[in-house]
Each structure stands twice: as C-alpha cells, then as structure tokens.
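# Structure at a glance
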Amino acid sequence: MTRLTEYLLPTEKQAPADAEAISHKLMVRAGLIRQMGAGMWTWLPAGWRVHQRVVRIVREEIDAIGGREMLMPVLQPAEPWRKTGRLDIEELFKLHDRKGADLVLAMTHEEAVTFHAAQTIDSYRDLPLILYHFQVKERDEPRPRAGVLRTREFVMKDSYSFDRDQAGLEERYALHVGAYDRIMERTGLRFYRVESDVGMMGGLGAHEYMAPCPAGEDRVALGDGYAANVEVARHDPHVRHLGEGTAQETWTRDGQALTLEPAIEIGNIFKLGTRYSEPLGATYLDEHGSELPIWMGSYGIGPARVVAAAVEQFADEHGISWPPALAPFAVHLVAIGRPGTPERDAAEALYAKLIEAGVDVLYDDREAGAGEKFADAELLGCPLRLTVGRKSVESGEAEVQIRRDRLQAPGVALDSEPQALKRAIEELCAG
RNA sequence: CGGGGCGUGGCGCAGCCUGGUAGCGCACCUGCUUUGGGAGCAGGGGGUCGCCGGUUCAAAUCCGGCCGCCCCGACCA
C-alpha cells in the first residue's frame with residue numbers, strides 16, 4: 001500500500017529548538033506535522049492518517065446514536081453572532097467582504113446550526129434530532145502552544161441535539177455520554193470524564209473528557225470514584241485544600257485524599273437548554289399548537305488533541321508508540337539489504353502478501369542502513385515492526401518487534417498464507 | 001495582555017562583544033565502497049544572515065523602528 005520511497009515522511013533527528021511538549025517534538029520529528037505560523041499547522045500524510053483514524057471512530061459512534069452528518073460553513077455572516085451576544089468575543093475572528101458586510105470565522109457552530117434549526121424544524125414531529133459535522137474552527141487564541149495542542153485553526157467534531165423539553169435533552173445528553181465513553185475507550189487513551197464548569201457557553205450542566213498527560217493545560221482532581229476539573233472541585237463544599245500553591249498542596253474530599261493530575265481536554269459536552277434557540281428563534285409547535293423553544297445540547301471533540309494526547313501518554317525515549325486503533329499503519333515493514341538480493345526479494349514478497357491480506361503496511365524500501373530504518377520505525381511508532389534481512393532468508397521468518405516496550409515477538413513465517421498472516425498480525429496488535 | 005527568550009540553507013548550531021564580503025554537524029545531489037541499530041571516502045548544490053531605515057570606505061556584526069516565533073503567567077465559549 002505504501003512504499004516509503006514513494007511517500008513523504010520527513011523525519012528529523014533533532015526536534016525544533018523551540019519545541020517543549022513531548023507531542024510537539026515527536027510529531028514534528030516523526031514527520032506527522034509541520035508548522036506554518038503560530039497556531040497554524042499542516043498535517044503531513046502520515047499524521048493525517050492518524051487524525052483520520054480518530055475521525056472514523058468518532059463518526060461511527062455518533063452515527064450509532066443517530067447522529068446525522070452534515071457540513072456547515074466556517075465563513076459566516078456576523079448577524080446570528082450579534083443575536084446570541086457572542087460577536088464581541090475576543091477570540092472570534094471578524095472580517096469584512098468587499099461590500100463591507102460583517103463576517104466572522106466560526107469558532108464553533110451553535111449559531112449556524114441553530115439558524116438552520118429555526119428555518120427547518122417546525123413541529124414536535126421533527127424532534128428529537130442529532131446533527132453533526134467535522135469542520136474547521138478558527139480561534140484567535142491569545143497564546144497558541146505546544147504544537148497541535150492549542151492552535152488557532154483545528155478540526156472539531158461538533159454535534160448538536162434538538163429536543164422538545166429538558167427530559168429529551170437529558171436523553172440526548174446521556175446518549176452522547178455513552179458515545180463519548182466508547183470513543184475514548186476505542187482510541188486506547190487513558191481518560192477521565194469529569195464534571196466541568198458550564199463557562200460562557202451557558203446552560204445546565206457539562207462534562208469534559210480529560211486525557212492525563214504531562215503537557216496538559218488543565219488539572220483534574222481524582223479520588224476513589226471521583227473525578228472533577230480542579231475548577232469544579234475548588235467550589236465543591238466537600239473538598240478541602242491544604243497548603244494551596246505550595247509543594248505540599250493536598251486536596252481532600254470528605255477526608256479522602258485527592259490527587260491532582262495535568263490533563264488535556266479532548267472533548268466536552270454541554271446541556272445548552274434554550275441559550276441559543278431563544279435568541280435565534282428556533283422553536284417548534286407542540287400537539288396543542290403552542291410555539292416552544294427547542295432544547296439543545298452541544299458536544300465537541302478535537303481529533304488533533306486526541307492524537308497529541310496519545311503521543312504524550314505512550315511515548316518513550318525512542319519515539320511514539322501508538323495505540324493500535326490510532327496508528328498510521330498497523331505494520332512497519334523494514335527491508336534490510338540492497339535491491340536484487342534474496343533478502344530484498346523476500347521483503348518484496350512479504351510486502352505483496354501483506355497488501356493482499358489487507359494489512360495497513362508501511363514498507364521501508366529505501367536504500368538506507370538498518371540502524372536508520374529501525375530508528376525511524378521506532379520514532380513513527382507503528383504497533384508492529386517486521387524485519388526481513390539475511391537472517392530471515394535463512395530462518396524463513398520475518399522478525400517481529402512489538403513497539404510498545406520494544407518486545408521481541410515470535411517471528412512470522414515468510415511462506416504464510418495471506419489470511420494467516422493477517423490473523424497473526426491482528427493477534428499481535430491486540431496484545 | 002504582562003514577563004522572559006530567540007530569529008544565520010530543510011533541522012540543530014557557531015560567528016556578533018572587538019565591522020572587512022558567511023561557517024560547522026545532520027539532511028540533500030553524484031560516484032565508489034558499505035548494509036541487522038542513525039556507515040566510509042571523494043566530489044558537489046543550496047543562505048539578499050527576519051524586514052525597513054541609519055552610521056560607515058565597508059554591516060550577520062553597531063544604532064533605531066517594525067515583524068515573526070517560542071516559553072512562563074493571565075485567558076481558554
């Protein structure tokens with residue numbers, strides 16, 4: 001499927017001098033992303049594959065709760081933002097077209113989706129409904145940082161639920177909790193669902209999905225059966241903090257010690273209520289002909305942050321070590337020996353067989369030394385590395401290394417049938 | 001937005017204090033050798049030194065202004 005000689009994977013031995021966060025350094029070094037400006041990043045082919053793995057998982061789970069995928073524009077008229085009172089948010093990019101009309105670049109899509117709900121939802125018969133899209137968000141961040149962790153432009157999956165009343169909203173919200181839990185579990189990340197502030201989004205309740213990692217900008221307070229954003233814990237009457245701001249800072253909840261961990265916010269879900277439907281006139285008629293505001297929820301997840309969190313959580317001194325569900329390729333096949341040798345022929349044959357078996361494989365067919373190829377493979381972090389060299393020709397097996405902990409696994413026979421090969425690889429990936 | 005730092009080839013850096021026509025490692029190109037843990041030898045290409053202005057016979061280097069980028073904090077809908 002992919003030969004390295006026909007690919008763009010610009011790996012670097014040295015990280016950019018100004019990179020601080022692990023994910024920033026490794027994603028650049030592994031050839032996944034490149035920077036254009038502050039908070040403006042390009043996803044290179046291998047990086048985009050990882051991003052799209054997350055997107056696929058999210059899409060499957062949102063579809064599974066009845067979400068309907070669509071696409072709304074980033075460039076929008078300012079008027080709905082004026083109506084919801086969000087036009088004067090500093091992070092909102094404002095601009096004018098050639099006629100002088102006020103436009104904005106959307107930082108999220110409540111205004112757009114509610115605008116359309118007002119146009120298209122008329123009756124209680126149209127409810128409930130879940131709409132979603134994957135779309136770029138633009139935010140004039142005061143301080144972009146840490147590579148792809150906090151950018152001015154990023155893709156978000158945002159879904160919006162529409163119900164006739166609060167009970168309906170609670171149902172749609174619960175569906176999203178389930179979907180988000182499954183998404184996080186499928187990615188393989190360590191995560192917590194925590195209660196969060198509703199912030200200026202307004203509304204009736206909210207949760208955040210937090211992935212603990214060193215580069216995290218937030219902190220979560222964790223106890224037995226308890227997990228909360230520190231901002232929420234701070235206002236919890238059950239929580240006491242002792243020695244705040246000092247090295248001995250300890251938090252307790254009903255006497256039980258809490259640990260504080262830095263974490264990245266990778267998803268958030270809000271019960272909006274009628275915060276947006278009222279100013280934008282999104283109403284429906286009930287069975288009695290009464291006009292009532294639609295009850296809404298909004299649910300976001302940032303694939304880029306999921307990717308960065310995965311890098312942060314599983315990296316080691318050799319590079320990235322992807323959870324199998326997110327890896328750009330399942331198998332990194334390393335050919336040792338120059339073209340024309342029996343070992344290279346064996347590698348080519350194995351590559352062809354892997355493709356036939358439907359395995360996602362990156363084939364390092366470059367004319368480079370073994371050390372360089374191994375180092376690049378460990379930097380990129382695919383779950384399995386298969387090596388074919390002179391030894392393989394003698395033993396009849398490709399050597400297998402499991403990236404996580406760099407474990408040596410039993411080799412796979414070069415003369416395996418494609419389907420047997422695929423099964424063996426899936427078993428090795430599964431752990 | 002406050003504080004700190006940095007802009008010299010794709011990446012990492014030296015040179016700047018003490019002005020004299022740009023250098024190192026990696027990467028890249030060609031050839032030969034090499035091929036199981038980031039190879040060796042030889043040859044080669046690529047940089048208006050962030051931008052503008054000033055001082056000077058002469059500016060990467062000194063002076064002024066601007067721009068960009070990073071880190072800490074504030075912020076984070």
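For the structure itself, look to the data block above.
These lines cover the structure that appears in this document, whether it is placed above or below. Computed from a predicted structure; not experimentally measured.

The next thing to look at is helix 1 (residues 22-29). Here helix 1 has its buried residues at Ser23, His24, Leu26, Met27 and Val28. Considering only its buried residues, helix 1 is in contact with strand 2 (33-37), strand 3 (40-43), helix 8 (303-314) and helix 10 (370-380).

It is worth spelling out the sheet that holds strand 20 (residues 331-335) at this point. Spatial strand order, 1-21-20-22-23-24: six strands in an open sheet with mixed pairing. Looking at the sheet topology across the chains shown, the edges are occupied by strand 1 (2-3) and strand 24 (407-413). Pairing of strand 23 (residues 397-402) with strand 24 involves five bridges; the strand directions are antiparallel. From the neighbouring strand, Gln401 faces strand 24, where its bridge partner is Gln408.

A few words now on the side chain of Thr387. Tracing the backbone through its elements, the reader meets Thr387 in strand 22 (residues 384-388). Polar side-chain contacts of Thr387 include one of 3.5 Å to the side chain of Arg385. Residues in contact with Thr387, not counting those within four places in the same chain, are Val334, Ile336, Phe374, Ser392, Ala398 and Glu399.

By the definition in use, this model includes 33 salt bridges. A salt bridge links Arg182 to Glu61, with the nearest nitrogen and oxygen atoms 3.0 Å apart. Of this pair, Arg182 sits in helix 5 (residues 166-187) while Glu61 sits in helix 2 (residues 45-64), and the two are 121 residues apart along the sequence. Relative accessible area serves as the criterion here: at 10%, Glu61 is assigned to the buried category.

The topology assignment puts Arg139 in the loop between strand 8 (129-138) and strand 9 (153-163). The residues contacting Arg139, other than those within four sequence positions of it, are Glu91, Phe93, Met107, Thr108, Arg152, Phe154 and Met156. Reaching out from Arg139, the side chain makes a polar contact with the backbone oxygen of Met107 at a distance of 2.8 Å.

About the criteria used
Each chain carries its own residue numbering, running from 1 in the direction its sequence is written. All chains are assigned letters beginning at A, and all ligands numbers beginning at 1, according to the order in which they are written. Local features in a predicted model are, by the rule used here, given only for residues with pLDDT of at least 70; side-chain atom pairs are given and counted only at 80 or more, and totals for whole chains, interfaces and linings are based on all residues. Side-chain metrics in this entry use all non-hydrogen atoms of the structure; hydrogen atoms and water are not considered. For the exposure calls, accessible area comes from a 1.4 Å probe over protein chains only, and a residue counts as buried if that area is under 20% of its type's maximum, exposed if over 50%, partly exposed in between. The way it works is that DSSP assigns letters per residue, a run of H or I at least four long becomes a helix, a run of E at least two long becomes a strand, and they are numbered from the N terminus. The criterion used for residue contact is that any of the two residues' heavy atoms lie within 4.5 Å. For two strands to be treated as a pair, DSSP must find no fewer than two bridges joining them. Residues adjacent in sequence count toward polar contacts only when both atoms are side-chain atoms; beyond that, a polar contact is any pair of N or O atoms within 3.5 Å, and within protein one must be able to donate a hydrogen and the other to accept it. Note on definitions: salt bridges are taken to be side-chain nitrogens of Lys or Arg within 4 Å of carboxyl oxygens of Asp or Glu.

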